[in-house]
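# Examining the three-dimensional arrangement
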Amino acid sequence: MEKAWKRNFIDISPYTAGEQPESEDIIKLNANESPYPPSPEVLKRIKSFDAGSLRLYPSMDALNLRKAAAQRLSQLNNVSLSERNIFIGNGSDDVLATAFRAFFNSDKPILFPSVTYSFYPVWCQLLKIPYKTTPMNEDFSINAADFYPENGGVVIANPNAPTAICQGLEFITDVLEHNSDCIVIVDEAYVDFGGCSAVSLTKSYKNLLVTQTFSKSRAMAGMRIGMAIGDSELTAILDAVKDSYNSYPLDSVAIETGIASINDDAYFKQTLERVISTRERTAKRLRELGFSLTESKTNFLFVQHESKSAKEIFEYLRSNGVYVRYWDKPIISNRLRITIGTDEQMDIMLNLLEKLLKA
Ligand SMILES: *Cc1c(COP(=O)(O)O)cnc(C)c1O
């Protein structure tokens, strides 16, 4: 007999992240992590950290990190932001889940593209938010007009994942112009790798919330720092939701090392340039090997081979110690997402592919 209390369990199919192998020898190109360490300033800050201070709760609102972020984002985007325009959370997944909870309380469905970050439908399921997906074009681009119909909110990852494609700011403006009655979230997890940020638009569109993360371009996925940028009215509601389930999402070490990362702009720019140059070189060689690719503005490539199936390539690479991402899902089942690693790691992968495809 089934236990009666089991009927009260939540019915949820969780998000599945890229596999985390046990072995250190695996070349891990399946979770869009950085192949480089965070800024040396982060390590310095960890080494000098006073463990005694851990007996105290961390800052509830990560004020100093928000100040540092506001200052850097103001410079980068040529706008004037204050700490009141920044909300900080435990990775941008936490920030996004908080935003879904805070802003998507309509009976109308929220809209996002059918091929995008697969966490969005999971949060909708968890929080009982109705949603509809918009179609993809043949080349995986998306159309602003698909976001015109009445809705309860819009979420667009830009650059999008796993397609790697970045829509221009005129696209985001177009979506905003047709959605003045709901919140539009632009998820900029990959924007630092050559995308165009919508942060400056938050000044003129008070219903725009932009999210960013320290996990990819700042090589701090293990530290869990994410942020949202928007009008202070929006960040205040995010704070209210946060304070209704967890007042201290960021620990003291995360706050301090986050500041250290932001303050080392030279290292940040240098590692981004390295990833971008490896990306361009890898894309060129993949094309020579018969792959078609979308134009990537991210730290990964979205690829398809002219004759070998994605599944076969995925399994071959995996059996040779190189993990990339493959989904057995409609529309993208013959595509692979390959994270940009170091030049050496990409060469190992490319040489394996050459062996497989020329055999
Ligand atoms: C990686 C990623 C995130 C979240 O990353 P966090 O580590 O939680 O900050 C959010 N959106 C997209 C599209 C991502 O790829």
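Attention here is on the structure that accompanies the text.

Procedures and definitions
Residues numbered from 1 in each chain as written. Predicted model: local features only at pLDDT ≥ 70, side-chain atom pairs only at ≥ 80, totals over all residues. Heavy atoms only, no water. Helix = DSSP H or I, 4+ residues; strand = E, 2+ residues; numbered from the N terminus. Buried < 20%, exposed > 50% of the residue type's maximum accessible area, 1.4 Å probe, protein only. Polar contact = N/O pair within 3.5 Å; in protein donor to acceptor, adjacent residues only side chain to side chain. Contact = heavy atoms within 4.5 Å. Near = heavy atom within 4 Å. 1 Å grid on protein atoms, 1.4 Å probe; cavity = no way out; pocket = protein on both sides within 12 Å on 5 of 7 lines; lining within 4 Å. Sits in = over half its atoms within 2 Å of the grid points. Nonpolar A, V, L, I, M, F, W, Y, C, P; charged D, E, K, R; others polar. Expected span 1.5 Å × (residues − 1). Points joined across faces, edges and corners; volume = space filled by probe spheres on them. Core = buried A, V, L, I, M, F, W, Y, C linked by side-chain atoms within 4.5 Å. Axes fitted to C-alpha atoms, helices over the stretch in contact; angles between N-to-C directions. Parallel < 35°, antiparallel > 145°, perpendicular 65-115°, else oblique. Salt bridge = Lys/Arg side-chain N within 4 Å of Asp/Glu carboxyl O.

This part is about the side chain of Arg-66. Tracing the backbone through its elements, the reader meets Arg-66 in helix H2 (residues 63-77). For Arg-66, a relative accessible area of 9% translates into the label buried. Polar side-chain contacts of Arg-66 include one of 3.1 Å to the backbone oxygen of Asp-61. Once you skip the residues sitting within four places of it in the chain, Arg-66 turns out to touch Asp-61, Glu-83, Arg-84, Ile-86 and Ile-88.

Turning next to the site of the ligand. Taken together, Gly-91, Ser-92, Asp-93, Tyr-117, Asp-187, Ala-189, Tyr-190, Thr-213, Ser-215, Lys-216 and Arg-224 make up the full set of residues near the ligand. The separation between an oxygen atom of the ligand and a polar side-chain atom of Thr-213 is 2.5 Å. For the ligand, the cavity whose grid points lie within 2 Å of the majority of its atoms is the largest pocket. Taken together, the residues of the shell around the ligand break down into 3 nonpolar, 4 polar and 4 charged.

Turning our eyes to something else, we now look at helix H7 (residues 252-263). Taking 1.5 Å as the rise per residue, H7 with 12 residues should run 16 Å; its terminal C-alpha atoms sit 17 Å apart, in good agreement. Buried residues dominate H7, accounting for 9 of its 12 residues. Every buried residue belonging to H7 is among Ser-252, Ala-254, Ile-255, Thr-257, Gly-258, Ile-259, Ala-260, Ser-261 and Ile-262, and all of these are buried. For H7, the elements touching its buried residues are helix H1 (40-47), H2 and helix H8 (265-288). Structurally, the start of H7 carries an N-cap: the backbone nitrogen of Val-253 is 2.9 Å from a side-chain oxygen of Asp-251.

In this structure, the largest pocket spans a volume of roughly 850 Å³. Lining the largest pocket are 43 residues, and of these Tyr-15, Tyr-117, Ser-118, Arg-325 and Arg-337 lie nearest its centre. A breakdown of the residues in the lining of the largest pocket according to their chemical character gives 22 nonpolar, 13 polar and 8 charged. A volume near 260 Å³ is recorded for the second largest pocket. In this structure, the second largest pocket is lined by 20 residues; those nearest its centre are Leu-73, Leu-76, Val-191, Asp-192 and Gln-212. Counting only elements with at least two residues in the lining of the second largest pocket, the list comes to H2 and strand S7 (208-213). Ranked by residue count, the leading element in the lining of the second largest pocket is H2, at 5 residues.

By size, the foremost hydrophobic cluster in this structure holds 48 residues, and its most contacted members are Leu-65, Leu-208 and Ile-225. The set of elements that each furnish at least two residues to this core consists of H2, strand S2 (86-89), strand S5 (153-157), helix H5 (169-177), strand S6 (184-187), S7, strand S8 (226-230) and H7. Residues within four places of Leu-65 in sequence aside, it is in contact with Ile-88, Phe-214, Ile-225, Leu-250, Ile-255, Gly-258, Ile-259 and Ile-262. Listed in part, the 37 residues of the second largest apolar core include Leu-293, Phe-300, Ile-313 and Leu-356.

Bringing the packing of H8 against helix H10 (residues 343-358) into the picture now. The geometry of H8 relative to H10 is characterised by a closest axis approach of 11 Å and an angle of 5 degrees between their N-to-C directions. In terms of orientation, H8 and H10 fall into the roughly parallel class. Where H8 approaches H10, its residues Thr-278, Arg-281, Thr-282, Arg-285 and Leu-286 are matched on the opposing element by Asp-343, Met-346, Asp-347, Met-349, Leu-350, Asn-351, Leu-353 and Glu-354.

Evaluated as defined, the whole model comprises 18 salt bridges. For the salt bridge of Lys-44 with Glu-41, the shortest nitrogen-to-oxygen distance reads 3.1 Å. Of this pair, Lys-44 and Glu-41 both sit in helix H1, separated by 3 residues, roughly a single helical turn. Residue Lys-44 is classed as exposed on the basis of its relative accessible area of 53%. Between Lys-269 and Asp-265 there is a salt bridge, and its shortest N-O distance comes to 2.8 Å. One end of the pair is Lys-269 and the other is Asp-265, both in helix H8 and 4 residues apart, which spans about a single turn. Its relative accessible area of 44% is what places Lys-269 among the partly exposed residues. Via salt bridges that share partners, Arg-281, Arg-285, Asp-343, Asp-347 and Glu-354 belong to a single interconnected network.

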